[in-house]
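Listed here are the chains, written in short residue letters.
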Amino acid sequence: MSIGRRIGTLMVGGLAGLVATLLMVLLMVVGRIWLGISPPPEAIPDRFAPTLDIDTFFSLFNRFGGYNGLKKFGIRSGMTGLFAVGTLVGLVYAAIVESRRSRASVAWRLGLSRIGLLFVTITALLLWIISLIVLWPVLDANYRGLPPSTARFVSALGLLVAYASYGIALIATYRFVIRRRAVDSPETTEGVPPGAPVGRRAVLAGVVGALLVVPSYRLLRRLYNRATFSYDGTPYSGPGIQPITPNDKFYIVTKNVVDPNVTTSFWRLEVGGLVEDAKSYSFDDLASLPSVDQETTLMCISNHIGAGLFSNATWKGIPMRDLLAASRPKAGAVEVMLSGADGYTDTFAFEKAMEPTTLVVYEMNGAPLPQRHGYPVRVIVPGLFGEKNVKWVTGIEVVDHDAKGFYEQQGWGPNFVIPTRSDIFAPRWDRQRGKDAFTEPMRVGHPTTIRGRAFAGNRGVAKVEVSLDDGETWQPARIDYPGTQLTWTFWSYDWRPTDLGGHVVTSRATDGTGAVQTSDRRDIVPQGATGYHRVMAIVEG
Ligand SMILES: Nc1nc2c(c(=O)[nH]1)N[C@H]1C(S)=C(S)[C@@H](COP(=O)(O)O)O[C@H]1N2
Ligand SMILES: [Mo]
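The structure contained in this document is the topic of the report that follows. Only a predicted model underlies this, so the values are computations on that prediction, with no experimental measurement involved.

**Structural notes on the nonpolar core**
Counting 54 residues, the largest nonpolar core has Leu269, Leu286, Met320, Leu324, Val336, Phe348 and Ile396 as its most contacted members. Top contributing element to this core by residue count: helix α3 (residues 54–64), with 4 residues. Ignoring any residue separated from it by four or fewer positions in sequence, one finds leucine 269 in contact with Lys279, Ser280, Tyr281, Leu286, Leu323, Val360, Val393, Thr394, Gly395 and Ile396. Core analysis: the next-biggest nonpolar cluster, separate from the first, contains 46 residues, Val12, Met28, Val120 and Ala124 among them.

**Digging into the sheet that holds strand β17 (residues 448–455)**
An order of β13-β17-β21-β20 is seen for the 4 strands of this open sheet, with the pairing classed as antiparallel. Of all the strands in the sheet, the pair left with one neighbour each is β13 (421–426) and β20 (478–481). Averaged over all neighbouring strand pairs, the angle between strand axes comes to 35 degrees, with direction disregarded. Two strands pair when backbone bridges link them, and β17 and strand β21 (residues 489–495) are joined in this way by 7 bridges, in the antiparallel orientation. Along β21, the bridge assignment pairs arginine 451 with serine 492.

**Structural notes on the sheet that holds strand β7 (residues 335–340)**
Strand order in the open sheet formed by 5 strands is β4-β3-β12-β7-β8, and the pairing between neighbours is mixed. Edge strands, defined here as strands with exactly one partner in the open sheet, are β4 (279–281) and β8 (345–349). Put simply, the sheet's adjacent strands are angled 15 degrees from each other on average, direction ignored. As judged from the 3 bridges shared by strand β3 (residues 269–273) and β4, these two strands associate in the antiparallel manner. Along β4, the bridge assignment pairs valine 271 with lysine 279.

**A word on the layout of surface pockets**
In this structure, the largest pocket spans a volume of roughly 620 Å³. Taken together, 39 residues make up the lining of the largest pocket; nearest its centre are Asp232, Val253, Thr254, Cys300 and Tyr407. Residue assignment for the lining of the largest pocket shows that the elements contributing at least two residues are α3 and α4 (66–97). Top element by residues in the lining of the largest pocket is α4. It accounts for 4 residues. Its residues placed into classes, the lining of the largest pocket shows 20 nonpolar, 13 polar and 6 charged. Considering only enclosed or pocket space, the second largest pocket measures out at about 540 Å³ in volume. Ile75, Met79, Leu220, Leu223 and Tyr224 are, among the 21 residues lining the second largest pocket, the residues nearest its centre.

**Things to note about the pattern of salt bridges**
Should the charged atoms of two oppositely charged side chains come close, the side chains can pair. In total, this model carries 16 salt bridges according to the counting rule given. For aspartate 46, the salt bridge is made with lysine 255, and the minimal N-O distance between the two is 2.9 Å. Placement of aspartate 46 in helix α2 (residues 40–48) and of lysine 255 in the loop between α8 (199–226) and β3 is noted, with a sequence separation of 209 residues between them. Look at aspartate 46 and you get buried, because its relative accessible area is 10%. One network of salt bridges, in which partners are shared, links Asp277, Lys279 and Arg328.

**Observations concerning the packing of aromatic side chains**
Evaluated as defined, the whole model comprises 23 aromatic pairs. Ring plane angle 85 degrees and centroid distance 5.3 Å describe the contact between tyrosine 93 and tyrosine 174, whose orientation is recorded as edge-to-face. Within this pair, whereas tyrosine 93 is found in helix α4, its partner tyrosine 174 is found in helix α7 (residues 148–177), the two being separated by 81 residues in sequence. Neither residue differs from the other here; tyrosine 93 and tyrosine 174 are each classed as buried. Aromatic ring contacts, followed pair by pair, group Phe57, Phe58, Phe61, Tyr67, Tyr344, Phe406, Tyr407 and Trp412 into a single cluster. Over the ring of phenylalanine 229 we find lysine 72; its NZ or CZ atom is 4.6 Å from the centre of that ring.

**Some remarks on the side chain of glutamate 465**
Mapped onto the secondary structure, glutamate 465 falls in strand β18 (residues 461–467). Residue glutamate 465 is classed as buried on the basis of its relative accessible area, which comes to 11%. In contact with glutamate 465, not counting residues within four places along its chain, are Trp474, Gln475, Pro476, Ala477, Thr506, Ser507, Arg508 and Thr510.

**Quick look at the site of ligand 1**
Looking at ligand 1, there are 18 residues lining it, with Tyr251, Asp342, His373, Arg378 and Lys391 nearest. In this structure, an oxygen atom belonging to ligand 1 sits 2.7 Å away from a side-chain N or O atom of histidine 373. Between a nitrogen atom of ligand 1 and a main-chain N or O atom of asparagine 389, the distance comes to 3.1 Å. In isolation ligand 1 exposes 530 Å². Once the protein is present, 99% of that is buried. Under a 2 Å grid-point criterion requiring more than half of the atoms, the pocket assigned to ligand 1 is the largest pocket.

**Quick look at the packing of α4 against helix α6 (residues 114–135)**
Where α4 meets α6, the closest approach of the two axes is 9 Å, and the angle between their N-to-C directions is 155 degrees. Regarding the angle of α4 to α6, the classification is roughly antiparallel. At the point where α4 passes α6, the crossing takes the right-handed sense. On the side of α4, the interface is formed by Val85, Val89, Val92, Tyr93, Ile96 and Val97, while α6 contributes Ile115, Gly116, Phe119, Val120, Thr123 and Leu127. The class makeup of the residues in the contact of α4 with α6 is 10 nonpolar, 2 polar and no charged.

**Section: the pairing of strand β9 (residues 359–364)**
The element β9 is largely enclosed, with a buried count of 5 among its 6 residues. Looking at chain direction, strand β6 (residues 310–319) and β9 are connected through 5 bridges and run antiparallel. Following the sheet pairing, glycine 317 is matched in β9 by valine 361. Bridging between β9 and strand β11 (residues 378–380) involves 3 bridges; their strand directions are antiparallel. For leucine 359, the partnering residue across the bridge sits in β11 and is isoleucine 380. In this sheet, strand β10 (residues 367–368) lies alongside β9 in antiparallel orientation, the contact comprising 2 bridges. Across the sheet, residue methionine 364 finds its bridge partner in β10, namely alanine 367. Counting the residues between successive antiparallel strands, the hairpin from β9 to β10 contains 2 residues, one of them, asparagine 365, with a positive phi of roughly 50 degrees.

Rules used in this analysis
Residues numbered from 1 in each chain as written. Chains lettered and ligands numbered in written order. Predicted model: local features only at pLDDT ≥ 70, side-chain atom pairs only at ≥ 80, totals over all residues. Heavy atoms only, no water. Core = buried A, V, L, I, M, F, W, Y, C linked by side-chain atoms within 4.5 Å. Buried < 20%, exposed > 50% of the residue type's maximum accessible area, 1.4 Å probe, protein only. Helix = DSSP H or I, 4+ residues; strand = E, 2+ residues; numbered from the N terminus. Contact = heavy atoms within 4.5 Å. Pairing = 2+ DSSP bridges. Axes fitted to C-alpha atoms, helices over the stretch in contact; angles between N-to-C directions. 1 Å grid on protein atoms, 1.4 Å probe; cavity = no way out; pocket = protein on both sides within 12 Å on 5 of 7 lines; lining within 4 Å. Points joined across faces, edges and corners; volume = space filled by probe spheres on them. Nonpolar A, V, L, I, M, F, W, Y, C, P; charged D, E, K, R; others polar. Salt bridge = Lys/Arg side-chain N within 4 Å of Asp/Glu carboxyl O. Phe/Tyr/Trp six-rings, centres within 6.5 Å; stacked < 30°, edge-to-face > 60°. Lys NZ or Arg CZ within 6 Å of the ring centre and 35° of its normal. Near = heavy atom within 4 Å. Polar contact = N/O pair within 3.5 Å; in protein donor to acceptor, adjacent residues only side chain to side chain. Areas by Shrake-Rupley, 256 points an atom, 1.4 Å probe, with all protein chains shown as cover. Sits in = over half its atoms within 2 Å of the grid points. Parallel < 35°, antiparallel > 145°, perpendicular 65-115°, else oblique. Left-handed = near helix turned anticlockwise from the far one by under 90°.

Spelled out as structure tokens, the structure:
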């Protein structure tokens, strides 16, 4: 075969690979939007994010512009990888089909090389099997809410359909573009004449590929508009905050690029593992069980002192222990392992799951749980950091060992109990040269109300004190909103400055057990921040 012809067939192979990849991407996007099947560019980052250690995780944040930057990078790499592999397989296919061995030694039917067919089948199967092995831990995710046991099967099937479609499209496109002279006898071993690309047909295949881009692009655009880039990490802070956070202001943290869009017709909550009687609940099943209303504050482990990954709401739902009791846990239960529709996992002690305040909720401040906060059902576990409050929950599995969830695998914890803390949210302050400072100067003799919040997980806040001299002396603060044992407390203090110059205003809380908030400064990694919130005030005459 001449060099020119060889290059020609390779180019056709690449083109066929590209067209087949475009078809596969279209199928994957359709499967993601309507069936909730996570495609590899999304599933691979989901699979490997928990295996990063925290330092690597944060250094990647810095390198790619935060969690959102990292998410974008992950998706972009995944897409690039998909196209690279798809095109490469096309090239190899062309080389194999046009190899002397392929042409000489095997009978051809319908103009197809048996070696070529074998190559595509084995490649597709191999990719499928490798995908199943590599992605196994996240195959139980289904972004439309199928429970883990069904989701694993549907994810596997979805991948198989995608890879098989790729293989068929590859062969069909290649076959369409390459022209062959007729072979007299199909059984001949004399060999099939080398194919010659036909320019017009190549252009046609290219046009089909280009046409496939249109719906994929539109659907990807739709996913992009739903992507979490604009809201992941939204804080709730500043002088205007209210004791009960409105749903649309409640802080949000999510590991996802596109959050689950659960439909209750797919969704089930499976209770299983180490139980006598595994159960599967529909949304209506759950909603018909006796419910409780409970105000509970949530806070992310990554919430710096004074920051706003921190909110409070009234949740309505069912005590998790009712669901567990109905399934009759066996002896030896150590933890519950929770799964979300997004493949997120987290765990806590079985005893914690059996506390009456650990809930499986479906309403937030009187409204159905908003999508971003876990529609239709999430877990609320007072006293533990936000990450344990699994959203879009689809599975509760009783396990007999200390299992690790998504972030714990990175090295967060092992203690997820929220330390007592307090901070100042009014008057307005901001970060100036690494220190928090009130934006407006105070005036000697003029009263200023310092306002803040205090939180002690599920221990309640008994008392808050304020210091105007960086912790030398303390005065009791007024409690404006006591909340409950499971919520934050809002406090205030009227200050009439008497001395000119700089003052560090700070606060400390005492929890319901009588323990005073520590002044030891601790970073958010790996067990959440501690220490005083210090805000500099400049007093003018
Ligand atoms: N399924 C699922 N649950 C999840 C997460 C997630 O990414 N997926 N993020 C966790 C983290 S880190 C926090 S802080 C809280 C935030 O809940 P919110 O967005 O409702 O405030 O949800 C937790 N539950
Ligand atoms: Mo979090």
